[in-house]
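One letter stands for each residue in the lines below.
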Amino acid sequence: MLHHQLLCLVYIQGYYCNGSASEPDPDYGLCPEGYYCIEGSATPEPCPSGTFSNTSGNVELNDCRACTPGRYCAGNALTAPTDDCDRGYYCPAGQDTAAPEEFNCTIGHFCVRGSPDPTPCPSGEYQDEVGSWACKDCSPGYYCDANEAATYYGVASHGVVMPTICPEGSYCPSRTEYATEYLCPYGYYSNRTQLDSEDDCQACPGGTFCDDLGEHLIFIITNWASPWRP
């Protein structure tokens, strides 16, 4: 009995001692997957929730791997992640639930099932609510420019949170991506904002001309041309 106790005291890392061992590293004592065994372990220690291990012979807690980004690990002693993260949420490494409240999908982004990070809404779309798995189409009379949004928030990539009113000289049908995507044609102008159709652009009246796309001023025909806003 004393011999067995001494063996437990000098037990090799990655193995556990059940009190009846006759050698420090018996085959049956190899620390199994989902567990770790420090030196002198009487029983294997389970990898905690939020982690997993698909290898045997682990010797410390750090040998348990943080749950894979986009997935969650619910419960102890897992040998693989439980499943994908729920849509409307994102899961950085080490999550133990499918819908972590602190990682609700953020505004300007969407999170499909299994998202490791929020995905920015593309230009032409926006999202003004948290916890969404799809973006909304930019409304007629507005544009949604993801590049402008990223500049506004001072980051490399960010989706639109609120659409921007279509400027003078342009018109913006649904899903317009930037301010000058649709310009009033030659011979037409607009000094109004929030247009949603080319039909809303006005023809330049007699005695004036509009010589460029996207005009919001018209020019009176004289010996010299002067801009005129009706």
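Note that the coordinates shown come from a computational prediction; the quantities given were computed from them, not determined experimentally.

**Re the packing of aromatic side chains**
So, point 1. Summed over the entire model, instances satisfying the criterion amount to three aromatic pairs.
So, point 2. A ring pair is formed by tyrosine 90 and phenylalanine 103, whose centres lie 5.2 Å apart and whose planes are at 65 degrees; its orientation type is edge-to-face. With tyrosine 90 in the loop between strand E6 (83–84) and strand E7 (109–110) and phenylalanine 103 in the loop between E6 and E7, the pair connects residues that are 13 residues apart, well separated along the chain. We note that tyrosine 90, like phenylalanine 103, is buried.
So, point 3. Taken together, a centroid distance of 5.0 Å and an interplanar angle of 90 degrees make the contact between tyrosine 152 and tyrosine 153 edge-to-face.
So, point 4. Using a relative accessible area of 36% as the deciding quantity, one classes tyrosine 153 as partly exposed.
So, point 5. Between arginine 87 and the ring centre of tryptophan 133, over which it is positioned, the NZ or CZ distance is 3.9 Å.

**Overview of the state of the cysteines**
So, point 1. With the rule as written, the count across this model stands at nine disulfides.
So, point 2. What pairs with cysteine 85 in a disulfide is cysteine 91, and their sulfur atoms sit 1.9 Å apart. Its torsion about the S-S bond being 60 degrees, the disulfide of cysteine 85 and cysteine 91 is classed as right-handed. Neither cysteine 85 nor cysteine 91 differs from the other in exposure class; each is buried.
So, point 3. Between cysteine 166 and cysteine 172 runs a disulfide, and the two sulfur atoms are separated by 2.1 Å. One disulfide, between cysteine 166 and cysteine 172, carries an S-S torsion of 75 degrees and so falls in the right-handed class. Both residues of the pair, cysteine 166 and cysteine 172, count as buried.

Each value, and the rule that gives it
- Residues numbered from 1 in each chain as written.
- Predicted model: local features only at pLDDT ≥ 70, side-chain atom pairs only at ≥ 80, totals over all residues.
- Heavy atoms only, no water.
- Phe/Tyr/Trp six-rings, centres within 6.5 Å; stacked < 30°, edge-to-face > 60°.
- Helix = DSSP H or I, 4+ residues; strand = E, 2+ residues; numbered from the N terminus.
- Buried < 20%, exposed > 50% of the residue type's maximum accessible area, 1.4 Å probe, protein only.
- Lys NZ or Arg CZ within 6 Å of the ring centre and 35° of its normal.
- Disulfide = S-S within 2.5 Å.

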